[in-house]
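# Architecture at a glance
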Amino acid sequence: MSTHNDFKEHIVYPAWEVIRSDSKVKKFYFLPGLLSIILLTTLLVYQSIYTYVVIFWKKEKALEIILEFFHSWYFLEIIVSAIIFMIIYTFLIPIFEWWLIKYLDEKHNWRYISTIDALWLGLVRFLPLFEYNNAFSEFKYISLLNAYLFLIRFVWLEYIVFLNYVVLWAFLISTLINVLFAYAKYEMVLKNKWVFQSIWVSAKISILNLKNTLKLYVLMFIINIRVLLNFLIFLFFPILFAVAISYFTTKLFLTIAIILISILFIFFIFFLGYLTAVLDVFKTSIWYFAYINWRKRFEEDDHDHGHDDKADSHHH
């Protein structure tokens, strides 16, 4: 059994070294980090504003202007842009995830693979990750939160206690699935297996190393609290825009205010995108080093069972 020092030495420290010393991987993973921060946080902000304004009858002017923008101004353009963005995000993320896992493995084993070659391989072989992400994306906590805010619109407050119980059960099931399938992506990329083969191996690795897997999962949960920071920043700037539109009557001052707020907003988007990229690389590195260390126990267990089966067959 791995000790606490082994856990840090063989998993956490190597992952930290990746983000400390490898600037290439952080820069290259910036695009998926930026896409993730824009898509997930914008959706969460919209759901939150809708719930606050419409469901709870809070008619503050700033929030009403934001909601009015989503529902009437440029509505068709917003829908078309959102669909295009979703398609790009859905296909691009598994390609970059494949690239990152493969890159970490090549670097760890002192092999060289160029960025273009790894990206091309990710493009050719990304289908299992694409299937996995689409099949299990609804079990992410932010997806559950968005679903919860969406469902409140239809059940209203009379049934919110029942809805809370449903979401709580969904949260528990999501936790179980995320813990058991934590190593599935690494099995797909590094062993070239398909989804159901990979989740079976991942579940066995998780069970054989349950204590440490849970420890890592708690660490991931703490890291993902950054979503609150993203949410607050993405909520704050639209309110600033709405306040500027409401209170600046002079066109010149309004234009200056909008430009300054826009520049600041773009800066924060890129900052949060870079932060997301760094943390995603760190999280992927942690799970990678956990996978390569703990898969050995799976192989040993599988090997032992193979010997037992042969012995039983010989005995009969």
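Look a little higher up for the structure.
Below: a short report on this structure. Only a predicted model underlies this, so the values are computations on that prediction, with no experimental measurement involved.

Cut-offs used in this document
- Residues numbered from 1 in each chain as written.
- Predicted model: local features only at pLDDT ≥ 70, side-chain atom pairs only at ≥ 80, totals over all residues.
- Heavy atoms only, no water.
- Helix = DSSP H or I, 4+ residues; strand = E, 2+ residues; numbered from the N terminus.
- Buried < 20%, exposed > 50% of the residue type's maximum accessible area, 1.4 Å probe, protein only.
- Contact = heavy atoms within 4.5 Å.
- Areas by Shrake-Rupley, 256 points an atom, 1.4 Å probe, with all protein chains shown as cover.
- Salt bridge = Lys/Arg side-chain N within 4 Å of Asp/Glu carboxyl O.
- Axes fitted to C-alpha atoms, helices over the stretch in contact; angles between N-to-C directions.
- Parallel < 35°, antiparallel > 145°, perpendicular 65-115°, else oblique.
- Left-handed = near helix turned anticlockwise from the far one by under 90°.
- Core = buried A, V, L, I, M, F, W, Y, C linked by side-chain atoms within 4.5 Å.
- Nonpolar A, V, L, I, M, F, W, Y, C, P; charged D, E, K, R; others polar.
- Patch = residues over 30% accessible without salt bridge, like charges linked within 9 Å, V, L, I, M, F, W, Y side chains within 5 Å.
- Phe/Tyr/Trp six-rings, centres within 6.5 Å; stacked < 30°, edge-to-face > 60°.

## Some thoughts on the overall build of the chain
Secondary structure assignment for the chain yields 14 helices and zero strands. Going from N to C terminus, the chain has its helices and strands arranged as α-α-α-α-α-α-α-α-α-α-α-α-α-α. Every one of the 316 residues in the chain was classed for burial, and the buried ones make up 43%. For the chain, restricting intrachain contacts to residue pairs at least 6 apart in sequence, the fraction spanning at least 24 positions comes to 80%. Carbon and sulfur atoms provide 71% of the accessible area of the chain, an area that totals close to 18400 Å².

## Quick look at the pattern of salt bridges
When the charged atoms of two side chains lie near each other, side chains of opposite charge can form a pair. Under the defined criterion, the tally for this structure stands at seven salt bridges. With a shortest N-O distance of 3.1 Å, Glu187 and Lys193 are connected by a salt bridge. When its relative accessible area of 1% is taken as the criterion, Glu187 is described as buried. Linking Asp280 and Lys283 is a salt bridge whose minimum nitrogen-to-oxygen distance equals 3.6 Å. One end of the pair, Asp280, and the other, Lys283, are both in helix 14 (residues 251-315), three residues apart, so they sit about a helical turn from each other. Looking at Asp280, the relative accessible area reads 14%, which means it is buried. Linked through salt bridges whose partners overlap, the residues forming this network are Glu187, Lys193 and Arg295.

## With respect to the side chain of Asn133
For Asn133, the position within the fold is in helix 7 (residues 127-136). Given the relative accessible area of 15%, Asn133 is considered buried. Discounting chain neighbours no more than four positions away, the residues touching Asn133 are Ile93, Pro94, Glu97 and Lys185.

## A few points about the environment of Leu100
In this fold, Leu100 is placed in helix 5 (residues 75-108). Counting along the chain gives 184 residues from Leu100 to Thr284, while the straight-line C-alpha distance between them is 7.9 Å. Leu100 has contacts with Val25, Tyr29, Asp280, Val281 and Thr284, leaving out every residue within four places of it along the chain.

## A word on the packing of helix 10 (residues 184-191) against helix 11 (residues 195-208)
Relative to each other, helix 10 and helix 11 sit at 120°, their axes nearing to 8 Å. Between helix 10 and helix 11, the interaxial angle falls into the category oblique. As for how helix 10 packs across helix 11, the hand of that crossing is right-handed. Note on element contacts: helix 11 touches helix 10 through Val195, Ser198, Ile199, Val201 and Ser202, opposite Ala184, Glu187 and Met188.

## A short note on the nonpolar core
In terms of nonpolar packing, the biggest core is built from 47 residues, with Ile11, Tyr132, Tyr183, Leu216 and Trp294 touching the most fellow members. Residue assignment for this core shows that the elements contributing at least two residues are helix 1 (4-21), helix 5, helix 7, helix 10, helix 11, helix 12 (210-223) and helix 14. Ranked by the residues each element gives to this core, the list is headed by helix 14, at 13 residues. Dropping the residues within four chain positions of it, Leu216 is found in contact with Phe7, Ile11, Ile286, Trp287, Ala290 and Trp294.

## Details of the packing of helix 7 against helix 10
Packing of helix 7 against helix 10 brings their axes to within 9 Å, and their N-to-C directions diverge by 165°. Regarding the angle of helix 7 to helix 10, the classification is roughly antiparallel. For the pair helix 7 and helix 10, the sense of crossing is right-handed. Contacts between helix 7 and helix 10 involve Pro128, Leu129, Tyr132 and Asn133 on the former and, on the latter, Ala184, Lys185, Met188 and Val189. Here the residues of the contact of helix 7 with helix 10 are counted per class, giving six nonpolar, one polar and one charged.

## Topic: unusual backbone geometry
Positive phi, normally seen in glycine, also occurs at Asn192, with a value near 55°. Positionally, Asn192 belongs in the loop between helix 10 and helix 11.

## Some points on a nonpolar patch on the surface
Together, Val161, Tyr165, Leu168, Trp169, Phe171, Leu172, Val218, Phe221, Ile222, Ile225 and Leu228 make up a nonpolar patch on the protein surface, roughly 1100 Å² of accessible area in all. Elements with a minimum of two residues in the nonpolar patch: helix 9 (160-180) and helix 12. It is helix 9 that provides the largest number of residues to the nonpolar patch, a total of six residues. Turning to its location among the elements, Tyr165 is positioned in helix 9.

## Considering the packing of aromatic side chains
On inspection of all chains with the given rule, the structure shows 14 aromatic pairs. On the basis of an interplanar angle of 45° and a centroid distance of 5.0 Å, the ring pair of Tyr132 and Phe136 is categorised as tilted. Placement of the pair is Tyr132 and Phe136 together in helix 7, with a separation of four residues, close to one helical turn. The two residues Tyr132 and Phe136 agree in class, both being buried. Three or more aromatic residues joined by ring pairs form one cluster here, namely Phe28, Tyr29, Phe96, Trp99 and Tyr103.

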